[in-house]
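What follows is the residue order along each chain.
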2 protein chains.
Amino acid sequence: MPKPTFFNLPADKREHIFNCALREFAEHPYEQASLTEIVNAAGIAKGSMYQYFADKKDLYKYVVQTVYQHKRSFLQPVWDKAGEIEFFELLSLYYRRSWRFARQFPYEHRVTVNFWDSRDEAVRAEILREREIRNVEFSGLLEHGSRAGVIAAEVDQEAAWFVYHAVGRALIDNFLEQDVSAEEHEVFIDSVLAILEWGLRSRKG
Amino acid sequence: MPKPTFFNLPADKREHIFNCALREFAEHPYEQASLTEIVNAAGIAKGSMYQYFADKKDLYKYVVQTVYQHKRSFLQPVWDKAGEIEFFELLSLYYRRSWRFARQFPYEHRVTVNFWDSRDEAVRAEILREREIRNVEFSGLLEHGSRAGVIAAEVDQEAAWFVYHAVGRALIDNFLEQDVSAEEHEVFIDSVLAILEWGLRSRKG
DNA sequence: GACAAATGTGACCACCCAGTCACACAGGAG
DNA sequence: CTCCTGTGTGACTGGGTGGTCACATTTGTC
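Presented here is a report on the structure given in the accompanying data block. Within any chain, residue numbers begin from 1 and follow the written order of that chain's sequence. Lettering for chains starts from A, numbering for ligands starts from 1, and both go in the order in which the items are written. Predicted model: local features are reported for residues with pLDDT of at least 70 only, side-chain atom pairs are reported and counted for 80 or more only, and whole-chain, interface and lining totals are derived from all residues. With hydrogens and water set aside, each side-chain value is computed from the structure's full complement of heavy atoms.

Quick look at the protein's contact with DNA strand C now. Each residue is tested against the molecule or strand, and it is near if at least one of its non-hydrogen atoms lies within 4 Å. Neighbouring DNA strand C are 19 residues; Tyr50(A), Lys56(A), Asn8(B), Gln51(B) and Tyr52(B) lie closest to it. Sugar and phosphate atoms constitute 60% of the interface atoms of DNA strand C, taking the interface as everything within 4 Å of the protein. Between N or O atoms, a polar contact is any pair within 3.5 Å; within protein, one atom must be a potential hydrogen donor and the other a potential acceptor, and residues adjacent in sequence are included only when both atoms are from side chains. Take Leu35(A): an N or O atom from its main chain is 3.0 Å from a phosphate oxygen of DNA strand C. Runs of E in the DSSP output that reach at least two residues are strands. Runs of H or I that reach at least four are helices, and both are numbered from the N terminus. Secondary-structure elements contributing two or more residues to the surface near DNA strand C are helix 3 (35-42) and helix 4 (46-52) of chain A together with helix 1 (4-8) and helix 4 (46-52) of chain B. The classification used treats Ala, Val, Leu, Ile, Met, Phe, Trp, Tyr, Cys and Pro as nonpolar, Asp, Glu, Lys and Arg as charged, and all other residues, Gly among them, as polar. By residue class, the composition of the surface near DNA strand C is six nonpolar, eight polar and five charged.

Let us now look at the packing of helix 6 (residues 87-104) of chain B against helix 7 (residues 106-117) of chain B. Residues and elements named next belong to chain B. For the pair helix 6 and helix 7, interaxial distance at closest approach is 5 Å and the crossing angle is 110°. Judged by the angle between their axes, helix 6 and helix 7 are roughly perpendicular. Residues Phe101, Ala102, Arg103 and Gln104 of helix 6 touch helix 7, and the partners they reach there are Pro106, Glu108 and His109. Residues of the contact of helix 6 with helix 7, tallied by class, amount to three nonpolar, two polar and two charged. Every angle, taken between N-to-C directions, lies between 0 and 180 degrees, and every axis is a line fitted to C-alpha atoms, over only the stretch in contact when it is a helix. Any angle that falls under 35 degrees is termed roughly parallel, while one over 145 is termed roughly antiparallel, one within 65 to 115 roughly perpendicular, and all others oblique. Two residues qualify as a contact provided that any one of their heavy atoms is within 4.5 Å of a heavy atom in the partner residue.

Take helix 8 (residues 121-147) of chain A next. Residues and elements named next belong to chain A. What a helix should span is 1.5 Å times the count of its residues minus one. Spanning 27 residues, helix 8 covers 39 Å between terminal C-alpha atoms, matching the ideal 39 Å at 1.5 Å per step. Turning to helix 8, the residues buried within the fold contact helix 5 (56-80), helix 6 (87-104), helix 7 (106-117) and helix 9 (157-173). Just beyond helix 8, the residue with positive phi is Gly149, at close to 80°.

Our focus in this paragraph is the relation of the copies chain A and chain B. Least-squares fitting of one copy onto the other uses the C-alpha atoms of those residues that reach a pLDDT of at least 70 in both copies. The two copies are related by a screw operation: chain A maps onto chain B through 180° of rotation and 0.1 Å of translation along the axis, at an RMSD of 0.2 Å. Read as a symmetry element, the transformation amounts to a two-fold axis. Considering only C-alpha atoms, the residue of chain A closest to the rotation axis is Gly199(A), which sits at 1.8 Å. A share of 97% of interface residues in chain A that are also interface residues in chain B marks the association as one of identical surfaces.

Bringing the interface of chain A and chain B into the picture now. At the interface, 32 residues of chain A touch 32 residues of chain B. Summed over both partners, the accessible surface that disappears when two parts come together, traced with a 1.4 Å probe, is what is meant by buried area. Interface area for chain A against chain B, summed over the two sides, is near 2700 Å², with a carbon-plus-sulfur share of 66%. Of all residues in chain A, the largest losses of buried area upon contact with chain B belong to Arg119(A), Phe162(A) and Ile195(A), amounting jointly to 25% of the total for that side. A pairing counts as a salt bridge when a side-chain nitrogen of Lys or Arg comes within 4 Å of a carboxyl oxygen of Asp or Glu. Linking chain A with chain B are zero salt bridges. Counting across the interface, chain A meets chain B through zero residue pairs in polar contact (both at pLDDT 80 or more).

This part is about the protein's contact with DNA strand D. Around DNA strand D, the structure places 18 residues, and the nearest of them are Asn8(A), Gln51(A), Tyr52(A), Tyr50(B) and Lys56(B). Within 4 Å of the protein, the atoms of DNA strand D are drawn from sugar and phosphate moieties in a proportion of 64%. Ala33(B) places a main-chain nitrogen or oxygen 3.1 Å from a phosphate oxygen of DNA strand D. Between DNA strand D and the protein, one listed contact pairs a phosphate oxygen with a side-chain N or O atom of Tyr50(B) at 2.7 Å. Broken down by element, the residue count for the surface near DNA strand D peaks at five residues, all from helix 4 of chain A. Residue composition of the surface near DNA strand D, grouped by class: five nonpolar, eight polar and five charged.

It is worth stressing that arrangement in space is one thing and function is another; only the former is reported here.
Now the structure itself:
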């Protein structure tokens, strides 16, 4: 939570500072991100930063929070369709759109990746909170598929969640560095999801 | 590659220094690991360390290399059975044994985790080499299963490798912190693998 | 013993860091 | 013009870092 002074700033200056911080926290994990680097890039004095935020961790939390707010609103259209389409189709949409987010906002994306890897104790509390949110989102999806009868009754739901979580993370994280085209990767996403679908789908046919 | 002086050391001292370094690199990623901390823990002078290793990166590479050598030899018994048992059974063995390694040698395990996450440019070259080794190991397994006809022809092999890699990593990483019993987790490993098996197994039946 | 080669040492260097604080500057109110 | 409050500033502090080097100590050899 920034100090009031930060919100009194003219919008463009405020955004500029935010973007500089975003970039630094994208390029380095929290512990290695340099506040000095941020204020230099932003062209403001070190002391000014401490008028806006209590300390480095305060700034970091604000950035992470804002990024996740953005990401959730970006994914909202997918959830809106949850009632209309089938479970596995929804999953494909979900991962494709996550991938688009990562492509379109690479700094935001890298911040979330660094965030999950963080070892800082104070930061881990936030991590657990986020994980819980993801968990709830996904459990909802699974139950939805389960009720609709498209998921085999014999699969362990916890294991299913686990598989999707692990694979989903890897699907998004590992491909930003490489220069793979967006369409090409969406095809790959679908062949990966096809394997999982075969593993989960009801085995009556 | 340590300097010759390091290997001239009495074995116990050499191992003690190695263990202190191992521990530090387990508890912190490379960039944050402190050489000062290592020499203090080992009870030797800073200068002595520079008689054994060229610099911090040299020490780190040696630790990582040794750890991977250990891990590979630990997993060897699994590969030795490759000819005797079925593909999916072999996979189960593989992940169970990886899990045992992580349980039995938590420091070694954490070093490998930190290693994969490292962003250091010079270190990344080593990472790619290791990834290539894993890739080759696994492709061999897959082909073996493919020849034996237990894997569906229509699955994308690259996608299959990707799924197992992602899930395998998560299966081990996410459960070390929690105090889950070894046996309990091995059951969970198998229910996860069951999903993947359904996704891959030949669909003739 | 004497000499040399190999090892061990820790104060020291240059550098980077998060965070502070005494001060300068703005602008609105009276 | 004078307060006063809210902002902006950057030199400075104390602490940490990887790496160095002139010197001390141990070891092996004759």
